[in-house]
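# Architecture and fold: a report
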Amino acid sequence: MAVQKVDEDVYYVGSRHWDRPIFDELLELPKGTSYNSYLISGSQKTALIDSVDPCKKHELLRNLDVLNVKNIDYIIANHAEQDHSGSIPAVLERYPQAKVVTNEKCKSLLIDLLDINEDRFMIINDNDTLSLGDKTLQFVFTPWVHWPETMSVYLVEKKMLFTCDFFGSHIATSKIFGPKDEKLVYEGAKRYYAEIMMPFRKNIQKNIQKVEELNPSMILPGHGVVYKNPQFIIDAYKKWISDNVDNEALIIYISMHGSTKELVDYLSDALIEQGVYARPYNIAQSSLGEIAMDLVDAATVIFASPFVLAGVHPKIITTAYLANALRPKTKFAGIIGSFGWGGKGVEHIKNNLTNLSVELFEPVYIKGKPKPEDFKKITGLAQQIADKHKEIGILG
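Residues numbered from 1 in each chain as written. Predicted model: local features only at pLDDT ≥ 70, side-chain atom pairs only at ≥ 80, totals over all residues. Heavy atoms only, no water.

### Some details on the sheet that holds strand β11 (residues 121-123)
Taken in spatial order, the seven strands make up an open sheet running β1-β2-β7-β8-β9-β10-β11, and their pairing is mixed. Each edge of the open sheet is held by one strand with a lone partner, namely β1 (4-7) and β11. Strand-to-strand twist in this sheet, taken as the mean axis angle between neighbours without regard to direction, amounts to 25°. Pairing analysis gives three bridges linking β1 to strand β2 (residues 10-12), with the strands arranged antiparallel. Across the sheet, residue Q4 finds its bridge partner in β2, namely Y12. (Pairing = 2+ DSSP bridges. Helix = DSSP H or I, 4+ residues; strand = E, 2+ residues; numbered from the N terminus. Axes fitted to C-alpha atoms, helices over the stretch in contact; angles between N-to-C directions.)

Structure (structure tokens):
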């Protein structure tokens, strides 16, 4: 892996994982990912900002050799999760004089996760500074933008902010400042936010103010591209974490024998006629990451499922559970589908949406194949959705 110069005395020494297919055994990685580690050389001291996933530690060490790094004084740990911290023990072994600089909570986690000796740590507090000689590092605590111990590091003289998971994206690219197509960068960051950061939306609202007050010249996350135009990603995050929603209804469905799909198709058309953007997702084929991205902004989400053994389809339950865990700002929700001989499917879905602050429409469940009176109920549901979108001012 090639070392890349970010700025004078600041180098990217991390690793791209081009072909990693899945993250946390849950999240698909259509564009791979990267583990971003940065070396800062001061006139007196040298600091390494985060490390890389243990599977790539050899690349990090090789990059340090390429730069002929004889001494590292400080290893800054912004976050304890192993994709950022996992190679710290290898770096400590290579540079025995180095200290792991982090906060008290992160120290505790690193001891638990990596068995690092307590005497290898230097503990800092919010807004503390650390001198590298001609360069100054300032520590900015950003708790619960992901984990309780997460923080960022601000290189004062260059106004560069190293944010670890905050503002990250799962993209492997040799272009450290990102592809020229900003849409690709935006979508990668939005997917990352949707799958990883969205549950912490309220905490991000508080912590993004700290970022804006610093007015950084560059944002350097722990995954994905570096932002030479920080306002691009700050503005994107401010939209995603706001309480504003779009005139959009997601219809997450699965259909075994076609009856539920007939309802979904009819509802989609009825919504479009009402001026609501409808987006059906067949979860037998769709990516959960794509669904999560649309959950970021959608005003309404509909779960549509047949009954299976007196309950809804397991894939619908899984998706409802994930939506509940992600806590999107969705305002309204509905449940539709078809059954043969009965069951408690509606209750199963409701019980998996307890974290969502949504107004729930009256469920529309029909027996067997849809009949004219069933389609009338779907028309009524579409009208209710449109009316609610008008009430909150997103549908003219």
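### A few points about the environment of G133
In this structure, G133 sits in the loop between β12 (129-131) and β13 (136-141). Distance from G133 to L288, taken between C-alpha atoms, is 47 Å for residues 155 residues apart in sequence. Residues in contact with G133, not counting those within four places in the same chain, are S43 and Q44. (Contact = heavy atoms within 4.5 Å.)

### A few points about unusual backbone geometry
Unlike most non-glycine residues, K159 shows phi in positive territory, near 55°. Given a relative accessible area of 32%, K159 falls into the partly exposed group. Even without being glycine, F167 reaches a positive phi, approximately 75°. Looking at the secondary structure, you find F167 in the loop between β15 (160-164) and α5 (182-197). (Buried < 20%, exposed > 50% of the residue type's maximum accessible area, 1.4 Å probe, protein only.)

Read these as layout, nothing more, since geometry by itself doesn't imply function.
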